[in-house]
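# Results of the structural survey
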Amino acid sequence: MAEPVCRDGEVAVVIPALNEALRIRQVVEECLRHVPWVIVVDDGSDDGTGECLRELPVTVLRHPQRRGKGAALRSGFAEALARGARGVLTLDGDGQHDPSDLPRLLAAAARHPDHIIIGARLRHRAAAPPHRRAANAFGDWGVAWAAGHRIADTQSGQRYYPAKVIALRDVPGEDFVFEAQMLISAARQLGVRCVSVPVETRYRGDDGGPLRRSHFRPLRDLYRITSHVVRQVLKHGDVWREYARVRAQAPLIDRD
């Protein structure tokens, strides 16, 4: 596998991957059309995910055993920082996120320096399964309360993080909780807020075939996120005053 040549100040794409053999090569090839530096973190897959990327100019990191999405992202962030990245784009390896949206996230990052940019699933939301829409709305409500500002689509894994955000140490939480906590820690520790860029979510591949079933389990993962977020809200105090202040805001959306 050829290693990409990367220069200080470039942006890396970090893709956490668990059993993504169905789509991972297609996702990575599409990413490489837009961003030449891709890091895939194979989180203990047993389906040959890493082997699917042979001969592609990408960096593949492998966890011998599954450690969860949070750990996979931490590994990718550390690799990007060690090689001088000025920021990181993230997306999932199942094909749900469209890599052609990556330039739009980078353009928004240029317009909004020192912000986290979220590829927010705001287009054709009615096409999403009802339980996913409800889960996303509930997650947005709680994470915004803990972060201190309104955010559109806190559950989207398609994001741009500035280097100073991925350099944050001791961000608590695992799996999907980690992604929620990144937004909270960035806001509370660095004053970094979020800008959302409307994107569409793909529920089928470009070949018309199905995507693999999401690793996100609404009941299990929303419970974990909610219980974690509640602790964060209580930690900051002035609970109801803070709630009223946050609800009075509108999420920042860059419609390009």
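The structure under discussion appears in the preceding block.
Residues numbered from 1 in each chain as written. Predicted model: local features only at pLDDT ≥ 70, side-chain atom pairs only at ≥ 80, totals over all residues. Heavy atoms only, no water.

### Considering the environment of Val 88
Operational definition: Per the convention used, a helix needs a DSSP run of H or I reaching at least four residues, while a strand needs a run of E reaching at least two, with both numbered from the N terminus. Contacts are assigned to residue pairs that have any heavy atoms within 4.5 Å of one another.
Mapped onto the elements, Val 88 comes out in strand β4 (residues 87–90). Along the primary structure Val 88 and Trp 37 are separated by 51 residues, whereas in three dimensions their C-alpha atoms are 9.9 Å apart. Once you skip the residues sitting within four places of it in the chain, Val 88 turns out to touch Val 11, Ala 12, Val 14, Phe 77, Ala 80, Arg 159, Tyr 160, Tyr 161 and Ile 166.

### Thoughts on the pattern of salt bridges
Just so we agree on the cut-off: Whenever Lys or Arg places a side-chain nitrogen within 4 Å of a carboxyl oxygen from Asp or Glu, that contact is recorded as a salt bridge. In this scheme, a residue with accessible area under 20% of its type's maximum is buried, one over 50% is exposed, and one in between is partly exposed, where area comes from a 1.4 Å probe on protein chains only.
The final tally for this structure, using the stated rule, is 11 salt bridges. Two residues, Arg 104 and Asp 101, come together in a salt bridge whose shortest N-O distance is 3.4 Å. Of the two residues, Arg 104 and Asp 101, neither departs from the other in class, the shared state being buried. Asp 153 is the salt-bridge partner of Arg 121, the closest N and O atoms lying 2.7 Å from each other. Of the two residues, Arg 121 is situated in the loop between β5 (116–120) and α4 (130–147) and Asp 153 in the loop between α4 and β6 (159–162); the sequence distance between them amounts to 32 residues. For the pair formed by Arg 121 and Asp 153, the shared burial category is buried. A single salt-bridge network, built from bridges that share partners, covers Lys 69, Asp 92 and Glu 179.

### Structural notes on the packing of aromatic side chains
Definition in use: Only centres within 6.5 Å qualify two rings of Phe, Tyr or Trp (six-membered ring in Trp) as a pair; their planes then separate them into stacked at under 30 degrees, edge-to-face at over 60, and tilted for everything else.
If you walk through the whole model with that rule in mind, you get 3 aromatic pairs. Their ring planes at 70° and their centres at 5.5 Å tell us that Phe 77 and Tyr 161 sit as a pair that is edge-to-face. Of this pair, Phe 77 sits in helix α2 (residues 69–82) while Tyr 161 sits in strand β6, and the two are 84 residues apart along the sequence. For Phe 77, a relative accessible area of 3% gives the class buried. You can call Tyr 161 buried: its relative accessible area is 1%. Between the aromatic rings of Trp 141 and Trp 145, the centroid separation amounts to 5.5 Å while the plane-to-plane angle is 55°, which identifies the pairing as tilted. A residue pair is termed a helical-turn pair when its members lie 3 or 4 positions apart in one helix, as Trp 141 and Trp 145 do in helix α4 at 4 residues.

### Quick look at unusual backbone geometry
Although it is not a glycine, Glu 55 adopts a positive phi angle of roughly 75°. Note on placement: Glu 55 falls in the loop between β2 (38–43) and β3 (59–63). Here Glu 55 falls in the exposed class, since its relative accessible area comes to 71%. Positive phi values are uncommon outside glycine, yet Asp 153 reaches one of about 65°.

### Some details on the sheet that holds β4
Rules: The rule for pairing is simple: two strands pair if DSSP sees at least two bridges between them. Axis definition: a line fitted to C-alpha atoms, over the contacting stretch in the case of helices. Angles run 0 to 180 degrees between N-to-C directions.
In spatial order, the strands read β3-β2-β1-β4-β6-β5-β7; together these 7 strands make up an open sheet with mixed pairing. Since the sheet does not close on itself, it has two edges, and those belong to β3 and β7 (194–198), each with one partner. The sheet shows a mean angle of 20° between the axes of neighbouring strands, direction not considered. Of the strand pairs in this sheet, strand β1 (residues 11–17) and β2 are connected by 5 bridges, and their pairing is parallel. Across the sheet, residue Ala 17 finds its bridge partner in β2, namely Asp 42. Contacts from α2 reach β1, β2, β3, β4 and β6, with the element oriented near 145° to β2.

### Some details on the pairing of β5
Within β5, 5 of the 5 residues are buried, which leaves the element mostly enclosed by the surrounding structure. Both β5 and β7 contribute to a ladder of 5 bridges, which runs parallel. Residue pairing in the sheet places Ala 120 in a bridge with Pro 198 of β7. Looking at chain direction, β5 and β6 are connected through 2 bridges and run antiparallel. Each residue of the ladder has a partner; that of Ile 118, found in β6, is Arg 159.

### A word on the packing of α2 against helix α6 (residues 175–190)
What counts is decided by this rule: By the definition adopted for this analysis, an angle is roughly parallel if under 35 degrees, roughly antiparallel if over 145, roughly perpendicular if from 65 to 115, and oblique otherwise.
Axis separation between α2 and α6 bottoms out at 6 Å; the angle between their running directions is 55°. Here α2 lies oblique to α6, going by the angle between them. Side by side, α2 and α6 meet where Lys 69, Gly 70, Leu 73, Arg 74 and Phe 77 of the first sit next to Asp 175, Phe 176, Phe 178, Glu 179 and Met 182 of the second.

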